[in-house]
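Results of the structural survey
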Amino acid sequence: MTSRWRAVAQATGLTAPDGSTRPTIFAEMSALAARYEAANLGQGFPDADGPEWIRELAVEAIRGGANQYPPGRGILPLRTAIAEHQRSRYGIDLDPETEVLVTAGATEALAASILALAGPGDEVVTLEPFYDSHAACIAMAGAEHVTVPLAPTADGFRLDPEALRAAVGPRTRLILVNTPHNPTGTVLSAEELRLIAEAAVEVDAVVVTDEVYEHLTFDGLSHTPLATLPGMAERTLTISSAGKTFSLTGWKIGWVSGPAALIEAVIAIKQFLTYSGGAPFQPAVARALTEGRADVDELRDSLARRRDLLVAGLREAGFEVNVPGGTYFVCADATPFLTSEMPDGAAFARALPELAGVACVPLSAFCAEGSATARALAPWVRFTFVKDEATLRTAVERLHALRTS
């Protein structure tokens, strides 16, 4: 194993105790779900396709000849639609020619941004728990990953201000912020965003924001891009995608926007990753961003109902549940079900497909191995509710059997 791959494997928990590599927790849980025919609430992808009218636009584009390389920056109609989306939704003014870049999903946008702007000797600060690709990209860049815990409270998972101040320092090159947050479902508050912005300005750090769940918020909560805060537009790269917004995760159409100089740095890396892609999907996403607001609202409302169904079912089954403000995910404390043979959330998650016919993911899988946050969240697991109601009801019924087992 090369040294860089070893760093990535260690950062993402893919190194087994004997030094060999092992599958991701998502692959492991999905395999267990298949083996025991469990309701798979582990991996967060929709089980229904996005709006038909958007999909038909892609078919028309294929038939119309959009089958070769699109421009490296993305087609201009899509970049213009992204710029207009940011202006109309958030009041952010962008030049689609120089300040918007289309990518192979948000994952490539994250990888290219981190590889472009951080390297050996730099620190990249993230929230913890963190989406696994964040840790992998930091490791690929050779930078040091520094984390700030989100702790469960009566008001959801919340940022620790003192931990943030301690984490951000003179070696901090990037602060990577994910809100609405995967895996906890937290929508960062105005005060939490202000603290992050102040910390970035104080040390002259660039902020990279992962905002793929920007429109999937509940209970009257709304997403605020960090780029809208004072002093942040000139130091923030904002990342989102069509995958979560329109339930088209397989299309892999994402984007990153921000100051032209930072976008140029990201392009320098992106052109040697995919260069370009998704030719027939780009015009469809451009139209979706322009004309699909009602579809997004319908998806958000449907997810809110499904969230409530799962939250109620988990509570009835005996879990302590942290109600998410957004995303696809509910986190639950499995402490009432732990035993000497099943001492933590990881063991519980591995046993649950056979025990109850339901799959979930341990929350510790989203933490640095052995960290204080991983220890604090050891009993917690994550369930997804981006499944149809029949699947969710089946899962809830099966989980109720835990109360009598």
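The name given to the protein chain in an unreviewed UniProt entry is Pyridoxal phosphate-dependent aminotransferase, with the source organism recorded as Leucobacter chromiisoli. UniProt, in its Cofactor (unreviewed entry) section for the protein chain, records the words "pyridoxal 5'-phosphate". Of the comments in the UniProt record for the protein chain, the one headed Sequence similarities (unreviewed entry) reads "Belongs to the class-I pyridoxal-phosphate-dependent aminotransferase family."

What follows covers the pairing of strand 4 (residues 144-153). When strand 3 (residues 123-128) meets strand 4, the two strands line up parallel, connected through 6 bridges. For Glu123, the partnering residue across the bridge sits in strand 4 and is Glu144. As paired elements, strand 4 and strand 5 (residues 156-159) share 4 bridges and run antiparallel to each other. Looking at the pairing, Thr153 lines up with Gly156 of strand 5.

When the terminal C-alpha atoms of helix 3 (residues 52-63) are compared, their 17 Å separation across 12 residues agrees well with the 16 Å that a helix rising 1.5 Å per residue should span. Every buried residue belonging to helix 3 is among Ile54, Leu57, Ala58 and Ala61, and all of these are buried. The arc enclosing the buried residues of helix 3, seen along the axis, measures out at 95 degrees, which places them on a common side. Relative to its buried face, helix 3 has exposed residues pointing more than 90 degrees away, namely Glu52, Glu60 and Arg63. With its phi angle positive at about 105 degrees, Gly65 sits one or two positions after the end of helix 3.

On to the UniProt feature "domain: Aminotransferase class I/classII large" (unreviewed entry) in the protein chain. As annotated by UniProt and renumbered to match this structure, "domain: Aminotransferase class I/classII large" (unreviewed entry) occupies residues 40-399. Helix makes up 42% of residues 40-399 and strand 18%. Its end C-alpha atoms lie 12 Å apart.

Residue Glu128 is joined to Pro129 through a cis peptide bond whose omega torsion reads 10 degrees. Omega for the peptide link from Thr179 to Pro180 comes to -10 degrees, which places this bond in the cis form. Secondary-structure assignment places Pro180 in the loop between strand 6 (172-178) and helix 8 (190-203). The phi angle at Glu37 is positive, at roughly 50 degrees, despite the residue not being glycine. Tracing the backbone through its elements, the reader meets Glu37 in the loop between helix 2 (25-35) and strand 1 (39-40). Looking at Glu37, the relative accessible area reads 67%, which means it is exposed.

Turning our eyes to something else, we now look at the environment of Leu363. Tracing the chain through its elements places Leu363 in the loop between strand 13 (361-362) and helix 14 (372-376). Residue Leu363 is classed as buried on the basis of its relative accessible area of 0%. For the pair Leu363 and Pro183, spaced 180 residues apart in sequence, the C-alpha to C-alpha distance is 7.5 Å. Residue contacts for Leu363: discarding those within four places in its chain leaves Pro129, Phe157, Pro183, Cys331, Leu377, Trp380, Val381 and Arg382.

On to the packing of aromatic side chains, then. Under the counting rule described, the total for this entry stands at 12 aromatic pairs. Seen from their ring centres, Trp251 and Phe281 are 4.5 Å apart, and the 20 degrees between their planes marks the pair as stacked. You can see Trp251 sitting in the loop between helix 9 (242-245) and strand 9 (253-257) and its partner Phe281 sitting in helix 11 (residues 281-291), a full 30 residues away along the chain. Here the aromatic cluster, defined as three or more aromatic residues joined through ring pairs, consists of Phe319, Phe337, Phe348 and Phe383. Against the face of Phe329 rests Arg382, its NZ or CZ located 3.7 Å from the ring centre. The ring of Phe45 carries Lys387 above its face, with NZ or CZ at 3.8 Å from the centroid.

Further remarks concern the pattern of salt bridges. Scanning all chains against the criterion turns up 18 salt bridges. Salt-bridge contacts for Glu162 lead to Arg165; the nearest nitrogen and oxygen are separated by 2.7 Å. Of the two residues, Glu162 and Arg165 both sit in helix 7 (residues 161-167), 3 residues apart, roughly one turn of that helix. For Arg165, a relative accessible area of 48% translates into the label partly exposed. We note a salt bridge from Glu198 to Arg194, for which the minimum N-O separation is 2.4 Å. Linking Glu198 with Arg194, this pair stays in helix 8, spanning 4 residues, or about one helical turn. A single salt-bridge network, built from bridges that share partners, covers Glu123, Glu144 and Arg171.

Cut-off values and rules
Residues numbered from 1 in each chain as written. Predicted model: local features only at pLDDT ≥ 70, side-chain atom pairs only at ≥ 80, totals over all residues. Heavy atoms only, no water. UniProt positions renumbered as here; feature names shortened; annotations may be inferred. Pairing = 2+ DSSP bridges. Helix = DSSP H or I, 4+ residues; strand = E, 2+ residues; numbered from the N terminus. Expected span 1.5 Å × (residues − 1). Buried < 20%, exposed > 50% of the residue type's maximum accessible area, 1.4 Å probe, protein only. Arc of directions from axis to C-beta. Contact = heavy atoms within 4.5 Å. Phe/Tyr/Trp six-rings, centres within 6.5 Å; stacked < 30°, edge-to-face > 60°. Lys NZ or Arg CZ within 6 Å of the ring centre and 35° of its normal. Salt bridge = Lys/Arg side-chain N within 4 Å of Asp/Glu carboxyl O.

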